[in-house]
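Chain by chain, the residues run as shown.
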There are 4 protein chains.
Amino acid sequence: MRRTKEEAEVTRANLLSAALKLFGENGVTATRLEDIARAAGVSRGALYWHFDGKGDIIIELLKTRTDSFFHVLDEALGVAGDPLDRISGALNSLMRHHENDVVFRDAMMLEFERAILDDRDNRFHAYLKQTTERYVKVFSAIIEEGKQYGSIRDDFPTPYLLQFLGALTTGVFMEYRLLSSGNALTPGVNRDAVIKLAIEALKA
Amino acid sequence: MRRTKEEAEVTRANLLSAALKLFGENGVTATRLEDIARAAGVSRGALYWHFDGKGDIIIELLKTRTDSFFHVLDEALGVAGDPLDRISGALNSLMRHHENDVVFRDAMMLEFERAILDDRDNRFHAYLKQTTERYVKVFSAIIEEGKQYGSIRDDFPTPYLLQFLGALTTGVFMEYRLLSSGNALTPGVNRDAVIKLAIEALKA
Amino acid sequence: MRRTKEEAEVTRANLLSAALKLFGENGVTATRLEDIARAAGVSRGALYWHFDGKGDIIIELLKTRTDSFFHVLDEALGVAGDPLDRISGALNSLMRHHENDVVFRDAMMLEFERAILDDRDNRFHAYLKQTTERYVKVFSAIIEEGKQYGSIRDDFPTPYLLQFLGALTTGVFMEYRLLSSGNALTPGVNRDAVIKLAIEALKA
Amino acid sequence: MRRTKEEAEVTRANLLSAALKLFGENGVTATRLEDIARAAGVSRGALYWHFDGKGDIIIELLKTRTDSFFHVLDEALGVAGDPLDRISGALNSLMRHHENDVVFRDAMMLEFERAILDDRDNRFHAYLKQTTERYVKVFSAIIEEGKQYGSIRDDFPTPYLLQFLGALTTGVFMEYRLLSSGNALTPGVNRDAVIKLAIEALKA
DNA sequence: GATGAATGAGCCTTCATTCAT
DNA sequence: CATGAATGAAGGCTCATTCAT
């Protein structure tokens, strides 16, 4: 069957979103290409026309993930005002997306997959590295800004504060993930409380 | 061939520790029974003499994990003095073990494996649940104690403080994990800083 | 590699006939999927493309067996004339097929495989039941007809005559089977004699 | 544990009867040595002390089978009187044993196991051959005797009558077997009717 | 662009057999 | 005599990947 370029694009997009959904639900390893193809309504052969294989799909998704993460982050941090408030807003925004946007959550969780972490041929490493570095840069900047501004404490080196913030964020993300597996510590995440406590810890 | 009862116990122990090590290094899914057996210096058949299969090994390891986790935790919390100091000490102890004791770290990380989280036949769920519940109980108690004692803030419900603490701990654990994959935010975890910030956030 | 639909059908048919042949020669249990695939000139993977596994192949073969058995039987019984003669003709026809058509013989013998008889998950049972019931119905009818017609003895209930006939048929079939294993009672089956004796026993 | 000679004999006998029972219930192939040993209350090692392996057990059982079969047969045929009556009695006796003596039935059925029929290394063949030949000799003799006596028809060569009789017997045995698998033609075997019909067919 | 067919490597599991104790 | 531990050869099945059409 000959298809137009637009139809092909649709197929490609369907494959990607099907893959992300299934990766999120069942994990990268447990998701077969067959599953992805079926969910996208095409055959495995079609998948191989659009992508070079499983790894290629993952890379595409990692790219998208970086984009959507920083899109949310930049928007939240890019407002005017006290940097600490903006950090608070950013945390809130990230967590809200995690809670409400399943695509966003699936994309974030991709990062914690062993299949990606233990990247034997270093295919994915670059994409993760890139995110990490940008994350560090963005947050370091705003923390520095907050110190200058006077709202963020000055008695800790920025990397330490960054680490505190990063760990907390990661931990909350994991809680969301554990919630869907029924293994979370508490029956739900109280966004406001966690953020308030984090912000207080950073406060000058 | 191992013949005596003691030698068999050694074989069994070797299999378990080989499994834990390999699960930690390469992930549960990527670890083949063949790998475990070879690392333990026996054949796959021997593995099946001691265990019912991969799942059975995982369950044994999860049991051990619970034991070692609470062993560390109880010891750290079980001293006299200000509950907040004891929490601080417990965090320190857990993180130190994570840093220095690779067996401990591998055991802790087992919990975040998708193969275990997405427990289709609910074989592992009970063991995770058990840990989670005990963790909640232990930490809730000491937080309450701290409130009574006057060193922990009283303006947040205990579950919220617990969640904050839990997320931070999980996040730091993940950082250790990411460090070994080369994907951590920072080149190392500064234990003291993270703990100090966390404790300050809880302080009355 | 077979690519077109027709070629795929050929592959499928080859797999089935190879399976039947090997089941007949070596038994169901002793036949490996590898053997079947190799005999059909394809890989084991191809086998799994066409069938769900060994059990699925068996079911297909059982279906075919029912068809070919009743095809032979109906044709032989469906002529005009004395029912007893028609029974005689049917026995003759079945035995001749057993002697000359190795595919027919293998298909018939499938039924006596323990792997099929001791059908733990009741997958095959339905197919056997179906054949048995139809066999009983067909032969009961013609025996009744023969009684009416006056050529078959009336002093025995039909089920008893049916049983006599069935046992004799089964026994002769087993003889053919034993012949190929070199364990038969006699160096060959004398069709005419056995049938004549059976028919005389039934005669009014 | 050191055991006396008598105890060892008991173990051996237990192993044999456990094996026969399990072979009868689940088939030779599906019965594991582990099953046999467990049913006999010993370990697999013990089994290997008494026997050389699965094949050795089968051979022992085949020997016993021959003995018990001819014991029943000889006793029934060895009376005085009309040979045809004695054949009738023998059939009755064999069928009665099949119906009532599970050990006898299991022993008889052993013969139809593929594992034994398709004896690749010809280990069992001799034992089967021996039975077959003796069976042929015994029945040929009594048929000849019946012809002489005048009660058995003279218009068929003895081998043909023998074959008729043998097939019928085998067929009835199979019916007993199928009964326990739930696949028999009729809900039970009517011994008297089948025998009467067979005898009439042979009658002079 | 897409499909259906086929490959082949790899994994889990079973089980007869061996053997030190 | 008997046990428990261990071996190793298969066998069934899965799945990423290839490719003619």
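Residues numbered from 1 in each chain as written. Chains lettered and ligands numbered in written order. Predicted model: local features only at pLDDT ≥ 70, side-chain atom pairs only at ≥ 80, totals over all residues. Heavy atoms only, no water.

Student: Before we go on, may I ask you to explain the arrangement of the chains in this structure?
Tutor: Regarding chain B and chain C, which are not in contact, the minimum distance between any of their C-alpha atoms is 21 Å. The closest approach of any C-alpha atom in chain A to one in chain D is 33 Å; the two make no contact. (Contact = heavy atoms within 4.5 Å.)

Student: So what exactly am I meant to see when it comes to helix α8 (residues 125–149) of chain D here?
Tutor: Helical geometry note: an α-helix holds 3.6 residues per turn, so side chains three or four residues apart project in the same direction. Residues and elements named next belong to chain D. With 25 residues, α8 extends 36 Å between its outermost C-alpha atoms, agreeing within 8% with the 36 Å of an ideal straight helix rising 1.5 Å per residue. Listing the buried residues of α8 in full gives Leu128, Thr131, Thr132, Tyr135, Val138, Phe139, Ser140, Ile142, Ile143, Gly146 and Lys147. On its buried side, α8 packs onto α4 (54–77), α5 (83–100), α7 (114–117) and α9 (158–181). (Helix = DSSP H or I, 4+ residues; strand = E, 2+ residues; numbered from the N terminus. Expected span 1.5 Å × (residues − 1). Buried < 20%, exposed > 50% of the residue type's maximum accessible area, 1.4 Å probe, protein only.)

Student: What's the story with the nonpolar core in this structure? I'm lost.
Tutor: As a rule of thumb, soluble globular proteins bury nonpolar side chains together. Core analysis: the largest hydrophobic core is formed by 139 residues, its most contacted members being Ile36 and Phe164 of chain C together with Ile36 and Phe164 of chain D. Aside from chain neighbours lying at most four places away, what touches Phe164 of chain C is Ala198, Ala201 and Leu202 of chain C together with Phe164, Leu168, Val194, Leu197 and Ala198 of chain D. Grouped together as the second largest cluster of nonpolar side chains are 138 residues, Ala19 and Val28 of chain A together with Leu33 and Met109 of chain B included. (Core = buried A, V, L, I, M, F, W, Y, C linked by side-chain atoms within 4.5 Å.)

Student: When you look at the interface of chain B and chain A in this model, what are you seeing that I'm missing?
Tutor: It is common to report an interface's size as the accessible area lost on association of the parts. Tallying the contact residues gives 53 residues for chain B and 53 residues for chain A. Summed over both sides, the interface of chain B with chain A buries roughly 4500 Å², with 62% coming from carbon and sulfur. Summed over the shared surface of chain B and chain A, the result is 4 salt bridges. When the shortest N-O distance is used, the salt bridge between Arg114 of chain A and Glu113 of chain B registers 2.8 Å. The interface formed by chain B and chain A contains 14 residue pairs in polar contact (both at pLDDT 80 or more). Of all elements in the fold, only α1 (5–26), α7 (114–117), α8 (125–149), α9 (158–181) and α10 (191–202) of chain B reach the threshold of two or more residues within the side of chain B that touches chain A. The greatest single-element share of the side of chain B that touches chain A, amounting to 17 residues, is contributed by α9 of chain B. A per-class count over the side of chain B that touches chain A returns 26 nonpolar, 16 polar and 11 charged. (Buried area = accessible area lost by both parts, 1.4 Å probe. Salt bridge = Lys/Arg side-chain N within 4 Å of Asp/Glu carboxyl O. Polar contact = N/O pair within 3.5 Å; in protein donor to acceptor, adjacent residues only side chain to side chain. Nonpolar A, V, L, I, M, F, W, Y, C, P; charged D, E, K, R; others polar.)

Student: Would you mind going over the relation of the copies chain B and chain A with me for this structure?
Tutor: Both copies of the chain are related through a single rotation about an axis accompanied by a shift along the same axis. Note on the identical chains: chain B maps onto chain A by a rotation of 179 degrees and an axial translation of 0.0 Å, with an RMSD of 0.2 Å. Look at the turn and shift together and you get a two-fold axis relating the two. Relative to the rotation axis, the closest C-alpha in chain B is found at Gly171 of chain B, a distance of 1.9 Å. (Least-squares fit on C-alpha atoms with pLDDT ≥ 70 in both.)

Student: Explanation requested: the domain arrangement of chain A in the structure shown.
Tutor: Residues and elements named next belong to chain A. Assigned domains within chain A: domain 1 (1–51) and domain 2 (54–202). Distance from the C-alpha centre of domain 1 to the C-alpha centre of domain 2: 28 Å. Opposite the 16 residues of domain 1 that make contact, domain 2 presents 13 residues. Contact between domain 1 and domain 2 buries roughly 1300 Å² in total, counting both sides, with carbon and sulfur atoms accounting for 73%. Joining domain 1 to domain 2, the criterion identifies 1 salt bridge. Between Glu60 and Arg12 there is a salt bridge, and its shortest N-O distance comes to 2.9 Å. Along the contact surface separating domain 1 from domain 2 lie 4 residue pairs in polar contact (both at pLDDT 80 or more). If you list the elements that add at least two residues to the side of domain 1 that touches domain 2, you get α1 (5–26), α2 (33–39) and α3 (44–50). The element contributing the most residues to the side of domain 1 that touches domain 2 is α1, with 7 residues. Residues of the side of domain 1 that touches domain 2, tallied by class, amount to 9 nonpolar, 5 polar and 2 charged. (Domains from an automatic or database assignment.)

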